[in-house]
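Single-letter residue listing:
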Amino acid sequence: MFIQTEATPNPATLKFIPGRTVLGDGTLEFRAGEETEGSPLATRLFEIDGVTGVFFGSDFISVTKGDGEWQHLKPAILGAIMEHYQSGEPVAAGAQTEVSLGEGESFAPEDAETVKTIKELLETRVRPAVAQDGGDITFQGYRDGIVFLHMRGACSGCPSSTATLRHGIENLLRHFIPEVQEVRPV
């Protein structure tokens, strides 16, 4: 098994590509070892000293580190991923994958058409690009011209996430939807 690694814009996060399906549909994020119930792979990864976050995408795994150095953590992470796939265990047996189902979203009923356009733009133009960097962005709400987005995986805590929101996503949404005035993370 050959596992590729890619740097992400977040220096604390590295993207691991096992060359196999990780989740297929949806995403899963773990921010602490106590949250990994139902995911043997996340449990394995959090057993490595220095791992502070794990994010599963369709075909990649983003791992966030604390104080450790990648040169020391990377071999252990690669070993844990390889062991997992050789074990035949599922990536997330009982864990609930997150797909944007509209849970926790907030917007006024009269903004439904605008929200539909925002979600379509996020799904077709933003999320694929962000997934390449090992993260995900989901819609959380729209109020008074402000779009609220949830950043996950490599995007969460990334130094360039503000620039991505302001210059990338905000400009894109403003171009197609003049009512949008600002984009904010939640």
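Numbers given for residues are sequential positions, taken from 1 along each chain in its written order. In view of the model being predicted, local features appear only for residues whose pLDDT reaches at least 70, and side-chain atom pairs are presented and counted only at 80 or more, with totals across whole chains, interfaces and linings using the full set of residues. Side-chain metrics rest on all non-hydrogen atoms present in the structure, leaving aside hydrogens and water.

So what's going on with the side chain of Ser62? Residues and values would help.
Comment: elements are numbered from the N terminus, with helices defined as DSSP H or I runs of at least four residues and strands as E runs of at least two. Summarising the element assignment, Ser62 is placed in strand S5 (residues 61-65). There is a polar contact of 2.6 Å between the side chain of Ser62 and the backbone oxygen of Gly134. Polar contacts here mean pairs of N or O atoms no more than 3.5 Å apart (in protein, one a potential hydrogen donor and the other a potential acceptor; neighbouring residues in sequence count only if both atoms are side-chain atoms).

A description of the environment of Pro18 should follow, citing residues and the corresponding values.
Residue position: Pro18 is located in the loop between strand S2 (13-17) and strand S3 (28-30). Assessed through its relative accessible area of 3%, Pro18 is described here as buried. Between the C-alpha atom of Pro18 and that of Met1, which follows or precedes it by 17 residues, the distance is 7.6 Å. Apart from the residues within four sequence positions on either side, Pro18 is in contact with Met1, Phe2, Ile3, Asp59, Phe60, Ile61, Ile81 and Tyr85. Exposed residues in this analysis have more than 50% of their type's maximum accessible area, buried residues have under 20%, and partly exposed residues fall in between, with area computed by a 1.4 Å probe over protein chains only. Two residues form a contact once any of their heavy atoms are found within 4.5 Å.

Can you break down the sheet that holds strand S4 (residues 51-56) residue by residue, with the values?
Strands sit in the order S1-S2-S5-S4-S3 across an open sheet of 5 strands; the sheet is antiparallel. At either end of the open sheet lies a strand with only one pairing partner, and these are strand S1 (4-7) and S3. Looking at each pair of strands side by side, their axes are set apart by 20° on average, direction ignored. The pairing of S4 with S5 spans 5 bridges and is antiparallel. In the strand pairing of S5, Val51 is matched with Lys65. To get an axis, a line is fitted to the C-alpha atoms, and for a helix only the part in contact is used. The angle between two axes follows their N-to-C directions and goes from 0 to 180 degrees. Of the strands in this sheet, S1, S2, S4 and S5 are in contact with helix H2 (residues 70-87), which crosses S2 at around 30°. Paired strands, as defined in this entry, are two strands with at least two bridges between them according to DSSP.

Talk me through the packing of aromatic side chains; I want residue IDs and the actual numbers.
In this analysis, rings of Phe, Tyr and Trp, with Trp reduced to its six-membered ring, are considered paired at centre separations within 6.5 Å, and the interplanar angle assigns stacked below 30 degrees, edge-to-face beyond 60, and tilted for intermediate values. Inspection of the entire model under this criterion finds 3 aromatic pairs. Taken together, a centroid distance of 6.3 Å and an interplanar angle of 65° make the contact between Phe107 and Phe139 edge-to-face. Pair noted here: Phe107 is in strand S6 (residues 106-107) and Phe139 is in strand S7 (residues 135-143), with a separation of 32 residues, a long-range link. With relative accessibility at 6%, the residue Phe139 sits in the buried group.

Requested: an account of the packing of helix H3 (residues 112-132) against helix H4 (residues 161-176), with residues and values cited.
At a minimum axis separation of 11 Å, H3 and H4 run at an interaxial angle of 130°. Classified by the interaxial angle, the pair formed by H3 and H4 is oblique. Of the two elements, H3 crosses H4, and the hand of that crossing is right-handed. Listed contacts from H4 to Ile118, Leu121, Leu122, Arg125 and Val126 of H3 are Ile169, Leu172, Leu173 and Phe176. Orientation is classified from the angle alone, with under 35 degrees giving roughly parallel, over 145 giving roughly antiparallel, 65 to 115 giving roughly perpendicular, and any other angle giving oblique. Crossings are classed by handedness, with left-handed meaning an anticlockwise turn of the near helix from the far one by less than a right angle and right-handed meaning a clockwise turn.

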